[in-house]
Amino acid sequence: MSALDVATIKRDFPIFGREVNGKRLVYLDSAASAQKPVQVLDAMDDAYRNHYANIHRGVYTIAEEATAAFEDARRKVARFVNAPAAHEIVFTRNATESINLVAYSWARANLKPGDAVVLSHMEHHANVVPWHILAAERGIELRWIPMTPDFRLDLSDLGSLLDGARLLAISAMSNVLGTINDIRPLADAAHAHGALILVDACQFVPHVATDVQHWDADFVAFSSHKILGPTGIGVLWSRTEILEAMPPFLGGGEMIRDVRLDGFTTNDLPWKFEAGTPAIVEAVGFGAAIDYITAIGMDAVRAHERLVTRYALESLRDRFDDSLTIYGPTDVDVRGGAVSFLFDGIHAHDISQVLDEDAVCVRAGHHCAKPLMRQLGVPATTRASFYVYNDEADVDALIEALEKAQKFFAV
Ligand SMILES: Cc1ncc(COP(=O)(O)O)c(C=O)c1O
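Predicted model only: the values in this text are computed from it and were never measured.

**Observations concerning unusual backbone geometry**
- That bond from leucine 269 to proline 270 is cis: its omega, 0°, falls within 30 degrees of zero.
- Relative to the helices and strands, proline 270 resides in the loop between strand 12 (263-266) and helix 10 (280-296).
- The phi torsion at phenylalanine 151 lies on the positive side, around 65°, for a residue other than glycine.
- If you trace the backbone, phenylalanine 151 turns up in the loop between strand 6 (141-145) and helix 6 (158-162).
- The phi torsion at aspartate 321 lies on the positive side, around 50°, for a residue other than glycine.
- Looking at the secondary structure, you find aspartate 321 in the loop between helix 11 (298-320) and strand 13 (324-327).
- By relative accessible area, which is 53% here, aspartate 321 ends up exposed.

Below, the structure written as structure tokens:
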């Protein structure tokens with residue numbers, strides 16, 4: 001039934017060899033962070049054991065090997081999202097830092113009081129708070145694209161929202177609702193109004209083949225750790241001419257060409273935005289993660305996600321009917337695998353605690369999307385999310401554990 005051989009994939013992930021509370025581990029929290037295959041762990045281990053030195057500065061063999069491995073990872077990331085050039089891939093700490101980089105560098109250089117930034121109601125805090133900070137500091141106006149009752153963007157007023165806007169900053173896939181937003185028409189609309197578009201692709205890139213050129217995006221942000229790679233490294237992609245015109249973000253080593261008593265000049269792209277010693281070994285692990293997911297094939301990854309998500313949506317509905325509310329589109333063509341729900345009368349945190357007794361890991365809370373929670377009128381939801389190592393048996397385990405929780409709380 002599945003597009004993937006999940007049993008074989010699962011064997012690549014050491015963590016699935018352990019038990020939790022005496023039970024098989026059922027990990028349904030990949031939207032928060034994905035587990036790591038042995039290929040990533042081995043690549044990082046090898047980098048530390050055999051090729052470790054600081055990069056770019058050394059002229060000795062192992063420093064050159066470390067530099068080559070780091071820059072090789074950058075080329076892999078560029079190919080993975082079809083970036084025209086590897087120097088357009090800026091390594092950051094995570095997607096949050098990537099968005100902040102745009103807010104601190106591009107936006108502070110280009111926006112003036114009264115300019116508008118357009119966001120949506122379904123944004124993660126990483127794509128809300130940097131703009132609130134900027135609004136407070138610079139008198140920028142924030143405008144919000146609302147949602148339809150079926151959890152899609154309500155674009156009926158997009159023209160007036162974009163009128164006078166300088167930036168549309170929008171998620172490609174909601175981490176709460178799973179909603180996939182069609183970026184190309186949004187990019188076209190932003191450009192038609194003279195605005196740039198920043199895409200928060202943190203949830204999208206791990207699950208759907210990504211082509212930044214097809215999107216015609218201006219900035220794209222994502223993190224390694226949600227794509228089976230290590231924490232501590234993320235990406236900001238932008239076009240060469242935009243990055244070249246932007247002032248530097250953090251100052252220090254690596255981002256300079258020259259420093260004098262009376263000033264400094266900046267390095268070439270992408271190092272202009274990579275101050276200090278970067279996440280060298282994490283980049284190697286990130287490259288290995290991209291190799292791993294590319295070998296599976298992004299079309300198969302997406303096809304598998306649709307199957308598992310459809311099975312989860314149908315199973316939850318069939319089993320719990322009206323006692324459970326799902327927040328997100330029901331059509332798997334327009335959604336990813338983050339499934340948020342609310343049980344009548346049981347708090348999300350209580351559910352996740354009971355599920356943990358059966359080693360079923362789900363997330364409970366506001367999912368760093370409090371404006372969205374307010375729109376939904378709920379303080380928190382329970383969220384199950386799927387990746388390449390999940391299958392229908394994991395969904396069944398979720399349903400069984402939820403049945404237990406329902407009995408426990410006697411709803
Ligand atoms: C949609 C979205 N944007 C941004 C982020 C922030 O990612 P990170 O914590 O890796 O910076 C997340 C993380 O959950 C996310 O889901």
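**Quick notes on the sheet that holds strand 8 (residues 196-200)**
- The mixed open sheet is built from seven strands, whose spatial order is 4-10-9-8-7-5-6. A strand with exactly one partner marks an edge of an open sheet, and here the two such strands are strand 4 (89-92) and strand 6. Strand after strand, the sheet turns through a mean of 20° between neighbouring axes, direction not considered.
- On the sheet, helix 3 (residues 61-80) packs against strand 4, strand 9 (219-223) and strand 10 (234-238) and is oriented at approximately 115° with respect to strand 4.
- Its contacts with the sheet put helix 5 (residues 129-138) on strand 5 (116-120), strand 6, strand 7 (165-171) and strand 8, and the angle it makes with strand 6 is roughly 145°.

**So, the nonpolar core**
- If you look at the biggest cluster of nonpolar residues, it comprises 88 residues, and the most contacted ones within it are Phe91, Ile197, Leu228 and Tyr389.
- If you tally residues by element for this core, the top one is helix 10, at ten residues.
- Every residue in contact with phenylalanine 91, bar those within four places of it in the chain, is listed here: Phe70, Ala73, Arg74, Val77, Ile233, Gly234, Val235, Glu274, Ala283 and Phe286.
- Val90, Ala95, Leu142 and Cys202 belong to the second-largest nonpolar core, a separate cluster that totals 30 residues.

**Details of the sheet that holds strand 16 (residues 363-365)**
- The strand order 13-14-17-16 describes an open sheet built from four strands, whose pairing is antiparallel. Looking along the sheet, the strands with just one partner apiece sit at the ends: strand 13 and strand 16. Mean inter-strand twist for the sheet, computed between neighbouring axes without regard to direction, equals 30°.
- Relative to strand 17 (residues 381-385), strand 14 (residues 338-343) is paired through four bridges, and the arrangement is antiparallel. When the sheet's bridge partners are listed, serine 340 is paired in strand 17 with arginine 383.

**Here we look at a nonpolar patch on the surface**
- On the surface, Tyr104, Val129 and Ile133 cluster together into a nonpolar patch covering about 220 Å² of accessible area.
- Among the secondary structure elements, tyrosine 104 is positioned in helix 4 (residues 95-110).

**Section: the site of the ligand**
- Taken together, 13 residues lie near the ligand, and Thr96, Asp200, Gln203, Ser223 and Lys226 sit nearest.
- Between the ligand and alanine 95, the relevant distance is 3.3 Å, taken from an oxygen atom to a main-chain nitrogen or oxygen of the residue.
- Side-chain polar atom of glutamine 203 to an oxygen atom of the ligand: 2.6 Å apart, as the coordinates give it.
- For the ligand, whose unbound accessible area comes to 390 Å², protein coverage reaches 88%.
- Residue composition of the shell around the ligand, by class: four nonpolar, seven polar and two charged.

**Some details on the pairing of strand 8**
- In terms of burial, strand 8 is largely enclosed, as five of its five residues are buried.
- One ladder, built from five bridges, connects strand 7 with strand 8; its direction is parallel. Bridge pairing in strand 8 places leucine 168 opposite isoleucine 197.
- Once you follow strand 7 into helix 7 (residues 183-192) and on to strand 8, the crossover reads as right-handed.
- Pairing analysis gives three bridges linking strand 8 to strand 9, with the strands arranged parallel. Residue aspartate 200 lies in a different strand from strand 9, and its bridge partner there is alanine 221.

About the thresholds
Residues numbered from 1 in each chain as written. Predicted model: local features only at pLDDT ≥ 70, side-chain atom pairs only at ≥ 80, totals over all residues. Heavy atoms only, no water. Helix = DSSP H or I, 4+ residues; strand = E, 2+ residues; numbered from the N terminus. Buried < 20%, exposed > 50% of the residue type's maximum accessible area, 1.4 Å probe, protein only. Pairing = 2+ DSSP bridges. Axes fitted to C-alpha atoms, helices over the stretch in contact; angles between N-to-C directions. Contact = heavy atoms within 4.5 Å. Core = buried A, V, L, I, M, F, W, Y, C linked by side-chain atoms within 4.5 Å. Patch = residues over 30% accessible without salt bridge, like charges linked within 9 Å, V, L, I, M, F, W, Y side chains within 5 Å. Areas by Shrake-Rupley, 256 points an atom, 1.4 Å probe, with all protein chains shown as cover. Salt bridge = Lys/Arg side-chain N within 4 Å of Asp/Glu carboxyl O. Near = heavy atom within 4 Å. Polar contact = N/O pair within 3.5 Å; in protein donor to acceptor, adjacent residues only side chain to side chain. Nonpolar A, V, L, I, M, F, W, Y, C, P; charged D, E, K, R; others polar. Right-handed = clockwise from strand over helix to strand, strands pointing away.

Function cannot be read off these values alone, since they describe shape.
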